[in-house]
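Analysis of the macromolecular model
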Amino acid sequence: MAADADDRVLQLRAAVKAELANVDFVLGYAKGFDPLHATPVTVRTEADADRLIFDATCVQNLATSLYGLNGKRIGLVVKGCDSRSLIQLMQEKLLERSQLVIFGLPCDGVLDLAKIRVKADIAAIHGAEISGDEVRLLLPEGTKTLPRRDVLADKCLRCRYPNPLVADHLIGQERTPQGAEDTYADLDGFEKLSPQERFDFWKRQMSRCIRCYACRNACPLCVCKHVCLADSRDPHWLSAEATLQEKWLFQVMHALHLAGRCTECGECQRSCPMGIPILLLKRKMNRELKEVFNYEAGVDPEAVPPLHTFLMEEDKIKDRGQLW
Amino acid sequence: MVARFLANSALADTAAAWARDFRLLAPVREGQAVVYRAWAKDMHPFLGRPPTCSAKEALLPQTENLLTYTYRKDQADLTRTEVFVAEPLPPEPTLLLGARPCDARGRKLLDRVFLERGVEDPLYAAKRRNTLFVTVACERMENTCFCHWTGGGPTSEEGSDVLLFAVGADGGGYVAKALTPEGERLLDKLPEASRAAQEELAAKLASPPSQAVPGPAPDLSAAPERFLKLFGNMDFWMDESARCLSCGVCTYLCPACSCFNITDENSGMKGKRLRTWDTCMSALYTLEGSGHNPRVSRAHRLRNRVGHKFCYHPQEFPKDAGAQPEFSCTGCGRCIKSCPVSVDIRRVVLDLMEKGDAS
Amino acid sequence: MSLNPYLPSLATIIETFDETPDVKTFRVVLKDEAAMRAFRFEPGQVAQLSVFGTGESTFVICSPPTRMDFLQFSVMRVGELTHRLHTLKEGDPIGLRGPLGNHFDYESMKGKDIVFIGGGLGLAPLRTLLLFMLDNRADYGNITLIYGGRTPEHLCFKGELAEWAARGDMRVELTVDNPDKSWSHRVGVVPAVLTDLAVSPENAVAVTCGPPIMIRFTIQALEKLGFTDEQIVTTLERRMKCGVGLCGRCNIGGKFVCVDGPVFTQAQLKELPQEF
């Protein structure tokens, strides 16, 4: 496993170096400020390429960085889930395939630091060893070993697309998907709560929101960026007041605007500094979309997202034409 | 002053007593976050980790009223309207429990802007005058901490009214040191710290927390000039900002960032003029009505954030020659810790020092 | 009087008229007559106009302190606040905060020849200083105004342009990019007129304001004519909110356009990080 991993990074670096002449730059991952953090890096030179890494700390979805880079030819390192964002962007004609050189890396899942923090105080961690089934944390008070499965992101536990669905360079052995059909068990559990309990839950969660819009800006499909209706003064949808209503309304709008587009990369929730579980709202929308249109976002480049089109008669939507 | 003892077991009752005299903001755990909440019965203050947000909330809230206005129709001539404007009420006396020394130093940096720059900001000044900080000294440096780079330290007293030092003696609690007369009054009901507790504290202070990850403080005295040297080097700023998402995490969590927006929120014939945190990392921050934007790219905006903290601020508030400049940064590391893409301002500053020297 | 710098004085619009299809002029007086009598400002200073419910924006006071019957503002309709402002009429209440910012250093300009170079609504701050100088005419040498716009229709203060040209104690040169049939003045961009006139830098000060592109080429033309950086004065615009140097956004390096500006000499601008 470790040998394959090292080998893969060397292959990745070599592949990136070979393409440098054909692109403006390559976006990949480098080591971040501590052993559990990777950070996106712009690769322009061979020396930059030697900083590239790929492991379970490479959590960010680099498809988000493509915003504002129209007209450039860009190399991009993607995991299986990230590739779904690219497909969705291409479906929406927001991205040209020819603009990209894609370095696809089959993925064994990425770490969820929020899960690790529940089990260990990692604020002063000085080393981490991530193997096939374990994560060893080198902490000031000693070594702590956690089962890898316990600290992988939820999306990885149910992942059916560990292998990039689109790539120019596929680097490393393809992985066997671990996840089965999404049962939305988390959502089922939540929806068993009474409306009042659910309301109280969101009230508490949303009241922490500081309106930094990291959720929006980290979302690869939130493509309006600074012309977002959250910032619009005319029409004036949202007030600047830090009330629950405003905070919540934004999240509802975000979820609705992503219905049938969200690939559940989870960047919105991961980016939230206040730990608000906003992915749940998007999963709710996705389950509805799956039920009504049997559609999954970002899988088939040729597909048309259901809310980008319509049929005169939808199988699962009752025809209410008589009411006119 | 006498060192007092605040036992862990007495923390909630002491906080409740303070809450009778003050609007008490205390940190509580909520999921992954540690957030300041207004005191409520049965609340459990959590002092074990630095709060996720900085303490500036107490002095510069996310939003506050600058004024309210009401339009009234002239009953004699309905085409005419009159407007009436009212100022907000003065703030309540506030006590903020559980800030860290980096947050308390942030007060001084906010004072620079709101009290010392020129025009005194009356809303800030009113809160500043009646807000007390009961701060918790840090027992260790986290990977994102670098307070010692910017003139602070894990036990820095600057800006606090009371500083609490965690000890294990006497069943566990805090040795409380009053740093201001107001702070002393807060502690007057607490018992004197035992000899054992004081000795434990003295021993701890003698061996300060290790600075393993951020490393020893580099000499940043040339940072302002290095910044200006690299100001026009857009490739440098492009590469430093390539990862940035232009969100507001770094600036909103920063104890020293003070920029704000002013907007009117209308509701029928009346409304409010609000002051709200704003972020220089957003394209909207400098976007003009005409569509012109002097800071069009993330590179321009990151340059401004770093420049403000490590060049413009020290130039505006100069220190004596040879002294470490005062930066508009307390080294709390929140901008690093909570950045979704791990932009590390320490790295940017070190790159400045290195490349600004070579260029 | 309140010490709250965010609190506008209440004011009333006493007159409005159109300058161009998208520029409207407002004449405003403070509601409190005593405050209006006590209102003091210097040429070049700005004020924040409030439409309560929409917001505030910064505009130069384009009438001179020598004519205090009202404060005049000329406003181009570009954004949310200016759209709303354009719907207001005589008698409507607004808010006014000011004066804010620095001003033209008219003392040091005494005894010198003054060259005003304006484009479009950029004439507004120049108008304040020009009228102030005309009201103290003996203090200044030759006064020249070079003023241009996209079309004759886009020139502001049209009535006054003719008045100034007829005065005899100043020179007025008008130019447009796209003339119509009735246009009898120059055609071409402002910097070209400046070069064409070969304005002498001898004991002169050039004061310029207009669109950024015009300012850039005007400064180049002035430099070619031999004007030094100290002899070139301009005003800057930035998105502003507080107007008192606190909210942050109008900074250029360590300077704030709202308090250290809007008036800068080219020499001062060269000292700043080049971010404009």
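About the criteria used
- Residues numbered from 1 in each chain as written.
- Chains lettered and ligands numbered in written order.
- Predicted model: local features only at pLDDT ≥ 70, side-chain atom pairs only at ≥ 80, totals over all residues.
- Heavy atoms only, no water.
- Helix = DSSP H or I, 4+ residues; strand = E, 2+ residues; numbered from the N terminus.
- Rg over C-alpha atoms; globule rule 2.2 N^0.38 Å.
- Buried < 20%, exposed > 50% of the residue type's maximum accessible area, 1.4 Å probe, protein only.
- Contact = heavy atoms within 4.5 Å.
- Areas by Shrake-Rupley, 256 points an atom, 1.4 Å probe, with all protein chains shown as cover.
- Lys, Arg positive; Asp, Glu negative; His and termini not counted.
- Charge placed at Lys NZ, Arg CZ, Asp CG, Glu CD.
- Domains from an automatic or database assignment.
- Buried area = accessible area lost by both parts, 1.4 Å probe.
- Salt bridge = Lys/Arg side-chain N within 4 Å of Asp/Glu carboxyl O.
- Nonpolar A, V, L, I, M, F, W, Y, C, P; charged D, E, K, R; others polar.
- Polar contact = N/O pair within 3.5 Å; in protein donor to acceptor, adjacent residues only side chain to side chain.
- pLDDT = per-residue confidence, 0-100.
- Disulfide = S-S within 2.5 Å.
- Pairing = 2+ DSSP bridges.

Overview of the overall build of chain A
- On a plain count of helices and strands, chain A comes out with 11 helices and 8 strands.
- Relative to its length of 324 residues, chain A is compact, with a C-alpha radius of gyration of 21 Å against a globular reference of 20 Å.
- Taking the principal axes of the C-alpha coordinates as reference, chain A spans close to 65 × 50 × 40 Å.
- Within chain A, buried positions represent 52% of all 324 residues.
- Counting contacts in chain A only where the partners sit at least 6 residues apart, residues at least 24 apart contribute 68% of the total.
- Looking at chain A as shown, the accessible area adds up to about 15200 Å², and 54% of this sits on carbon and sulfur atoms.
- Separation of charge centres in chain A, based on 43 positive and 46 negative side chains, amounts to 4 Å.

Remarks on the domain arrangement of chain C
Residue and element names in this part refer to chain C.
- Split into domains, chain C comes out as domain 1 (9-100) and domain 2 (113-235).
- Computed over C-alpha atoms, the centres of domain 1 and domain 2 are 24 Å apart.
- Overall, the association of domain 1 and domain 2 removes approximately 1400 Å² of surface from exposure, summing both partners, and the carbon and sulfur fraction of that is 63%.
- At the junction of domain 1 and domain 2, the tally comes to 1 salt bridge.
- Taking the shortest distance from any N to any O, the salt bridge between D135 and R67 comes out at 2.8 Å.
- Among the elements of the structure, β1 (9-20), β2 (23-30) and β5 (71-76) are those that each provide at least two residues to the side of domain 1 that touches domain 2.
- Considering each element in turn, the side of domain 1 that touches domain 2 owes the most residues, 4 residues, to β5.
- Its residues placed into classes, the side of domain 1 that touches domain 2 shows 11 nonpolar, 7 polar and 2 charged.

Notes on the domain arrangement of chain A
Residue and element names in this part refer to chain A.
- Taken domain by domain, chain A holds domain 1 (1-179) and domain 2 (181-313).
- With centres defined by C-alpha atoms, the gap from domain 1 to domain 2 works out at 24 Å.
- Of the residues lining the interface, 20 residues belong to domain 1; the matching set on domain 2 comes to 29 residues.
- Roughly 2100 Å² of surface becomes buried between domain 1 and domain 2 when both sides are summed, with 51% attributable to carbon and sulfur atoms.
- Between the two partners, domain 1 and domain 2, sit 5 salt bridges.
- For the salt bridge of E296 with R84, the shortest nitrogen-to-oxygen distance reads 4.0 Å.
- Counting across the interface, domain 1 meets domain 2 through 11 residue pairs in polar contact (both at pLDDT 80 or more).
- The leading source of residues in the side of domain 1 that touches domain 2 is helix α3 (residues 80-91), at 6 residues.
- Classifying every residue of the side of domain 1 that touches domain 2 by side-chain character gives 8 nonpolar, 7 polar and 5 charged.

What to know about the interface of chain B and chain A
- Every contact between the two is made by 43 residues of chain B and, on the other side, 46 residues of chain A.
- Looking only at chain B, the three residues that lose the most surface to chain A are Q32(B), Q62(B) and N143(B), adding up to 16% of its buried area.
- The salt bridge partner of E241(A) is K272(B), with a shortest N-O separation of 2.6 Å.
- At the surface where chain B touches chain A, the tally comes to 23 residue pairs in polar contact (both at pLDDT 80 or more).
- Where the side of chain B that touches chain A is concerned, the elements lending two or more residues are β3 (33-38), α7 (234-241), α8 (249-253), β10 (260-267) and β11 (270-277) of chain B.
- Per-element accounting of the side of chain B that touches chain A gives the leading share, 4 residues, to β11(B).
- Its residues placed into classes, the side of chain B that touches chain A shows 19 nonpolar, 12 polar and 12 charged.

A closer look at the confidence of the model for chain C
- On average, chain C scores 95 in pLDDT, and the residues at 70 or more come to 99%.
- Of all the helices and strands in chain C, strand β13 (residues 251-252) of chain C carries the lowest mean pLDDT, 93, while β2(C) carries the highest, 98.

Quick word on the state of the cysteines
- Scanning all chains against the criterion turns up 0 disulfides over all chains.
- Between C329(B), a free cysteine, and C335(B), which holds the nearest cysteine sulfur, the sulfur-to-sulfur gap is 6.5 Å.
- Considering cysteine sulfurs only, C156(C) is the nearest to C209(C), which forms no disulfide, with 11 Å between them.
- Residue classification places C209(C) among the buried residues on the basis of a relative accessible area of 9%.

Re the pairing of strand β7 (residues 142-147) of chain A
Residue and element names in this part refer to chain A.
- Two strands pair when backbone bridges link them, and strand β6 (residues 134-139) and β7 are joined in this way by 6 bridges, in the antiparallel orientation. Looking at β7, one finds that R136 is bridged to T145.
- Linking β6 back to β7 in an antiparallel pair, the connection comprises 2 residues.

Here we look at the environment of Y174(B)
Residue and element names in this part refer to chain B.
- Along the chain, Y174 falls in strand β9 (residues 173-178).
- Between the alpha carbons of Y174 and L11 there is a distance of 9.3 Å; along the sequence they are 163 residues apart.
- Ignoring anything within four residues of it in the chain, the contact list for Y174 reads R4, F5, L6, N8, L47, V136, L164, F165, A166 and V167.

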